[in-house]
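Understanding the architecture of this molecule
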Amino acid sequence: MKIPSDVAATIIDPRAYAAGKPVDDAFAWLRKEAPLAVAEPDGYDPFWVVTRHADILDVERQNELFHNGDRSATLTTIEGDRKVRAMMGGSPHLVRSLVQMDNPDHMGYRRLTQGAFVPQNLRKLEDRIREIANGFIDHMAAMGERCDFARDVAFLYPLQVIMEVLGVPESDEPRMLKLTQELFGAADPELNRTGAETTGDVGSGVDTIQSVVMDFMTYFAGITEDRRARPRDDIASIIANGEVAGQPLGHLEAMSYYIIVATAGHDTTSSTTAGAMWEMARNPEVFSRVKANPALIPGLVEESIRWVTPVKHFMRTATADAELAGRKIAKGDWLMLSYPSGNRDEAVFTDPFVFDPERTPNKHVAFGYGAHVCLGQHLARMEMRVLWEELFKRLEAIELDGEPKNMTASFVCGPKSVPVRFKMN
Ligand code: HEM
């Protein structure tokens, strides 16, 4: 069965993700009626849409059968793909980060930084992260009783953490935030570089996206030079001086490594933090429950990751004919893993559309699974836990102070504005 064109158009529409409900409804319909089926929206090559939790895990665990790098790892129009290949000497990728790699490269490149992101090494950062969190809580308190929690706290706190871990000086954080928002917010006229309405994919906006990527690369080329001359204890020094299979990293691969850590490393966590506040301000009962019992904070963090699911999809390409959920997938077929759909799957989650910090178990797929599972998942969890631990000590009451707004985007996104009124001690 082919996915009806209106449903296919909805699940790729940045405005539908901003509104939320149209996407939730479309995926609920797909999970029930066509859980694994082909979409062919205008201007796109056909792709399978994988909507069920179990099928997403099934694809992710077979990383030799379903590759990341053979075609674009994110949804792209035919025109966008043509332009990228023309620019990149036939490659379908503008960047070549872990997300675009398969083995053996993937394993070699991932091993370089993996150790820095395991829980026992992250523990060393916890005191400093707590200090950064308290700085933003003081900033919020100083604003009186109103702020835009997304813009004033949630966007800035994970930004500062990841830039310290990466080794970008504080004075360059605004530039990194702007470039990230221009990249992930390419379809949002309030965030993108041109202020124009676009579909935000690399088809309509490829030249703009390319110029954002070039700006990142110019910046990180400078960082590389510095860390080769003066290595420090940061991720930038590992990337600048690292070797894979006995060779220094390729230029494109090194630049792409910085870019993925510098972008995925804060935007996702910011969206999730803003989304958690949106839910608590909308529903003070949830706020009071967690405030009264800080043991619920890890559950709040996990539920907000499931709730927001800031990464909306990644694509895979079949390397051979295969069978999946009773369907025949042909070699070369393109598949979209829909994380928001997997995280609302009624077969796995009771009342999936209810925000419940006490949800147990909460086996969401927001960090993906398998060989490519999010490198920064433990850092993200720790940052959010620490922020809520500190904030709940001081926050007495919270409510919405206007309508929150989501970004207009369909790849990495979440709330962009969460106006709140609050009381702090
Ligand atoms: C990969 C989500 C935070 C760095 C991924 C993937 C997802 C994801 C869905 C793809 C997994 C797959 O293909 O199976 C999230 C969410 C976050 C978050 C929801 C926060 C709530 C972070 C942070 C970092 C980070 C803080 C900082 C280092 C990466 C990297 C990859 C990745 C480098 C590529 C891994 C690979 O392909 O091997 N993330 N992420 N992410 N994430 Fe995160």
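In the annotation of an unreviewed UniProt entry, the chain is listed under the name Cytochrome P450 and assigned to Phenylobacterium koreense.

On a plain count of helices and strands, the chain comes out with 18 helices and 14 strands. For 425 residues, the compact-globule formula gives about 22 Å, and the C-alpha radius of gyration of the chain, at 21 Å, lands near that figure. Each principal axis of the C-alpha atoms in the chain carries an extent, and together these give about 60 × 55 × 40 Å. For the chain, with 425 residues in total, the buried portion stands at 57%. Across the chain, the fraction of contacts at a sequence separation of at least 24, relative to all contacts at a separation of at least 6, is 71%. Just so you have it, the chain exposes about 17400 Å², and 52% of that area is on carbon and sulfur atoms.

Attention now goes to the packing of helix α11 (residues 173-184) against helix α14 (residues 251-282). Look at α11 against α14: their axes get within 10 Å of each other, and the N-to-C directions meet at 85°. Judged on the interaxial angle alone, α14 and α11 are roughly perpendicular. Contacts between α11 and α14 involve M176, L177, T180, L183 and F184 from the first element and A262, T263, A264, H266 and D267 from the second. Looking at the contact of α11 with α14 residue by residue, the classes come out as 6 nonpolar, 3 polar and 1 charged.

Attention shifts here to the site of the ligand. Taken together, 28 residues form the shell around the ligand, and within it E60, H106, R110, H372 and C374 come nearest. In this structure, R110 approaches the ligand through a side-chain N or O atom, which is 2.7 Å from an oxygen atom. The contact in question runs from an oxygen atom of the ligand to an N or O atom on the backbone of Y369, over 3.1 Å. If you list the elements that add at least two residues to the shell around the ligand, you get α6 (105-114), α14 and β7 (313-318). Take the shell around the ligand: its biggest share by element is 6 residues, from α14. Taken together, the residues of the shell around the ligand sort by class into 17 nonpolar, 8 polar and 3 charged.

The next subject is the coordination of the iron atom of the ligand. For the iron atom of the ligand, the sole protein-derived donor is C374 (SG), lying 2.3 Å away. With respect to the element layout, C374 can be found in the loop between α17 (339-342) and α18 (377-394).

Quick look at unusual backbone geometry now. A cis amide bond, omega 5°, links N103 with the succeeding residue P104. Looking at where P104 falls in the secondary structure, it is placed in the loop between α5 (78-87) and α6. Of note, the amide linkage connecting T360 to P361 takes the cis form, showing an omega dihedral of -10°. Take P361: it is sitting in the loop between α17 and α18. Unlike most non-glycine residues, A325 shows phi in positive territory, near 45°. Turning to its location among the elements, A325 is positioned in the loop between β8 (322-324) and β9 (327-329). For A325, a relative accessible area of 48% puts it in the partly exposed group.

Right, let's get into the sheet that holds strand β14 (residues 419-424). Across the sheet, which stays open at both edges, the 3 strands sit in the order β4-β14-β11 with antiparallel pairing between neighbours. Of all the strands in the sheet, just β4 (146-148) and β11 (395-400) have a single pairing partner and so form its edges. For this sheet, the mean inter-axis angle between neighbouring strands, taken without regard to orientation, is 30°. Relative to β14, β11 runs antiparallel, the two being bridged by 5 bridges. Within the sheet, the bridge partner assigned to A397 lies in β14 and is K423. Lying over the sheet, α14 contacts β11 and β14, oriented at roughly 90° with respect to β11.

Take the nonpolar core next. Among the nonpolar cores identified, the biggest contains 116 residues, and F149, M176, F220 and W388 are the most heavily contacted of them. Examining the composition of this core, we find that 13 residues originate from one element, α14, more than from any other. In contact with W388, other than residues within four places in its own chain, are F149, T273, A276, M277, M280, I297, L300 and V301.

What follows covers the side chain of S97. When you line up the elements, S97 lands in the loop between α5 and α6. A distance of 2.7 Å separates polar atoms of two side chains, one belonging to S97 and the other to Q100. In contact with S97, other than residues within four places in its own chain, are S256 and I260.

Bringing the environment of A325 into the picture now. In the structure, A325 is positioned 275 residues away from V50 in sequence and 9.7 Å away in space, judged by C-alpha atoms. Setting aside residues up to four positions removed in sequence, A325 forms contacts with L36 and D55.

What follows is about the environment of A281. Inspection of the secondary structure assignment puts A281 in helix α14. In this structure A281 comes out as buried when scored by relative accessible area, which is 5%. Between the alpha carbons of A281 and R421 there is a distance of 8.6 Å; along the sequence they are 140 residues apart. The contacts of A281, once residues within four sequence positions are left out, are I398, E399, L400 and V420.

Let us now look at the sheet that holds β7. A sheet is described by the order of its strands in space; here 5 strands give the open sequence β1-β2-β10-β7-β3, paired in mixed fashion. The open sheet has two edge strands, β1 (36-39) and β3 (66-67), and neither has a second partner. Where β1 meets strand β2 (residues 47-50), 4 bridges bridge the pair, whose relative direction is antiparallel. Looking at β2, one finds that L36 is bridged to V50. In the packing of helix α4 (residues 53-61) onto the sheet, the strands contacted are β2, β3, β7 and β10 (334-338), and the crossing angle to β10 comes to about 125°.

So, how was this worked out
Residues numbered from 1 in each chain as written. Predicted model: local features only at pLDDT ≥ 70, side-chain atom pairs only at ≥ 80, totals over all residues. Heavy atoms only, no water. Helix = DSSP H or I, 4+ residues; strand = E, 2+ residues; numbered from the N terminus. Rg over C-alpha atoms; globule rule 2.2 N^0.38 Å. Buried < 20%, exposed > 50% of the residue type's maximum accessible area, 1.4 Å probe, protein only. Contact = heavy atoms within 4.5 Å. Areas by Shrake-Rupley, 256 points an atom, 1.4 Å probe, with all protein chains shown as cover. Axes fitted to C-alpha atoms, helices over the stretch in contact; angles between N-to-C directions. Parallel < 35°, antiparallel > 145°, perpendicular 65-115°, else oblique. Nonpolar A, V, L, I, M, F, W, Y, C, P; charged D, E, K, R; others polar. Near = heavy atom within 4 Å. Polar contact = N/O pair within 3.5 Å; in protein donor to acceptor, adjacent residues only side chain to side chain. Donors = N, O, S within 2.8 Å, 3.2 Å for Na, K, Ca; no water. Pairing = 2+ DSSP bridges. Core = buried A, V, L, I, M, F, W, Y, C linked by side-chain atoms within 4.5 Å.

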